[in-house]
Amino acid sequence: MNIFNKKHKQELSKKGYFNTRDQAWQFLIENNVTSYPLDLKGIINQNGWKVFDKQKYLLEHPELKKIIKKNEGYTFEANGQRIILVDSTSSIGRRRFTIGHEIGHIYLKHIGDDKNLIEREANMFSARILMPMVIIQELQLTTPQKLASFCNVSFQAAENRLKHFDEVKPRDKFYSSPLERQLYEQLKEFIQRSKAT
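Since this is a predicted model, take the numbers as computed values, not measurements. (Residues numbered from 1 in each chain as written. Predicted model: local features only at pLDDT ≥ 70, side-chain atom pairs only at ≥ 80, totals over all residues. Heavy atoms only, no water.)

*Asks:* Looking at this structure, how should I read the overall build of the protein?
*Replies:* When you go through the protein residue by residue, the secondary structure sums to 10 helices and three strands. Classification of the 197 residues of the protein by burial places 50% in the buried group. Roughly 10700 Å² of accessible area belongs to the protein as shown, and the carbon and sulfur atoms make up 49% of that amount. Side-chain charges of the protein comprise 32 positive and 23 negative groups, with the mean position of each set lying 2 Å from the other. (Helix = DSSP H or I, 4+ residues; strand = E, 2+ residues; numbered from the N terminus. Buried < 20%, exposed > 50% of the residue type's maximum accessible area, 1.4 Å probe, protein only. Areas by Shrake-Rupley, 256 points an atom, 1.4 Å probe, with all protein chains shown as cover. Lys, Arg positive; Asp, Glu negative; His and termini not counted. Charge placed at Lys NZ, Arg CZ, Asp CG, Glu CD.)

Printed below as a string of structure tokens:
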């Protein structure tokens, strides 16, 4: 799993880029996210998904070892339930990004042969649900240290997200999408409380 960066963004079609961005906002709205850091455990429970430590799960299900390679995360369906496997030896910030990435695969209904494209879209989705621009912009989380600490993500993920923030900030098009405005309204009370502290 590679962190989403400018090169990857250029490789996504414009339609795919905006679709993934909009789907991330829609996901946060549908799951009634009203505070940060994102409560991944709550979202997973609310959607009826399960998360397991990858190594332990493979010990109990050795038949999957051929399918699940060295990925930090892996998602599949068993008995009608989505299962997310995560490498528990990674840092908490890295695990959170991996879980967000795997949720991206589920929510974006990834199928098809273009593994590079779907991996990039899942990375983009994860960055946007864990570190939405509305939180960065409104709370001025403009250093990787502040963003990583506030959103409980890795320094690398925060640094990459802020590179994108620095690219879009001069355009001053925040809240031009109805979905982003709706997300802002959903988070407004939390944002105001956070600014006051």
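*Asks:* Teacher, can you tell me more about the sheet that holds strand E3 (residues 81-86) here?
*Replies:* Across a sheet, strands are paired by hydrogen bonds formed along the backbone, either parallel or antiparallel in direction. Overall, mixed pairing links the three strands, which are arranged E1-E3-E2 in an open sheet. Looking at which strands have only one partner, the edges of the open sheet turn out to be strand E1 (50-53) and strand E2 (73-78). With strand direction ignored, the average angle separating the axes of adjacent strands in the sheet is 25°. Here four bridges tie E1 to E3, and the two strands are oriented parallel to one another. When the sheet's bridge partners are listed, Phe 52 is paired in E3 with Leu 85. The strands that helix H5 (residues 92-107) touches are E1, E2 and E3; relative to E3, the one it contacts most, it runs at about 150°. (Pairing = 2+ DSSP bridges. Axes fitted to C-alpha atoms, helices over the stretch in contact; angles between N-to-C directions. Contact = heavy atoms within 4.5 Å.)

*Asks:* Is there a simple way to explain helix H8 (residues 144-151) in this structure?
*Replies:* Because each turn of an α-helix spans 3.6 residues, side chains separated by three or four positions end up pointing in the same direction. Among the residues making up H8, those that are buried are Pro 144, Leu 147, Ala 148 and Cys 151. Taken around the axis of H8, the buried residues stretch over an arc of 95°, which confines them to a single face. For H8, the secondary structure elements touched by its buried residues are H5, helix H6 (115-130), helix H7 (133-139) and helix H9 (155-168). Of the residues flanking the end of H8, it is Asn 152, one or two places downstream, whose phi is positive at about 55°. (Arc of directions from axis to C-beta.)

*Asks:* Explain the confidence of the model for the protein here, please?
*Replies:* For any part of a model where pLDDT is low, the fine detail of the predicted coordinates should not be relied upon. Averaged over every residue, the pLDDT of the protein is 90; residues scoring 70 or more account for 92%. Least confident of the elements in the protein is helix H1 (residues 6-11), whose mean pLDDT is 46; most confident is H8, at 98. Note on residues 1-11: pLDDT is under 50 here. Beyond four places in sequence and across chains, it has 27 contacts. (pLDDT = per-residue confidence, 0-100.)

*Asks:* What am I meant to see in the packing of helix H2 (residues 14-30) against H6 here?
*Replies:* Look at H2 against H6: their axes get within 9 Å of each other, and the N-to-C directions meet at 40°. Considering the angle they form, H2 stands oblique to H6. Here H2 runs over H6; the crossing is right-handed. Contacts from Gly 16, Tyr 17, Thr 20, Arg 21, Gln 23, Ala 24, Phe 27 and Leu 28 of H2 reach H6 at Glu 121, Met 124, Phe 125, Arg 128 and Ile 129. Here the residues of the contact of H2 with H6 sort into seven nonpolar, three polar and three charged. (Parallel < 35°, antiparallel > 145°, perpendicular 65-115°, else oblique. Left-handed = near helix turned anticlockwise from the far one by under 90°. Nonpolar A, V, L, I, M, F, W, Y, C, P; charged D, E, K, R; others polar.)

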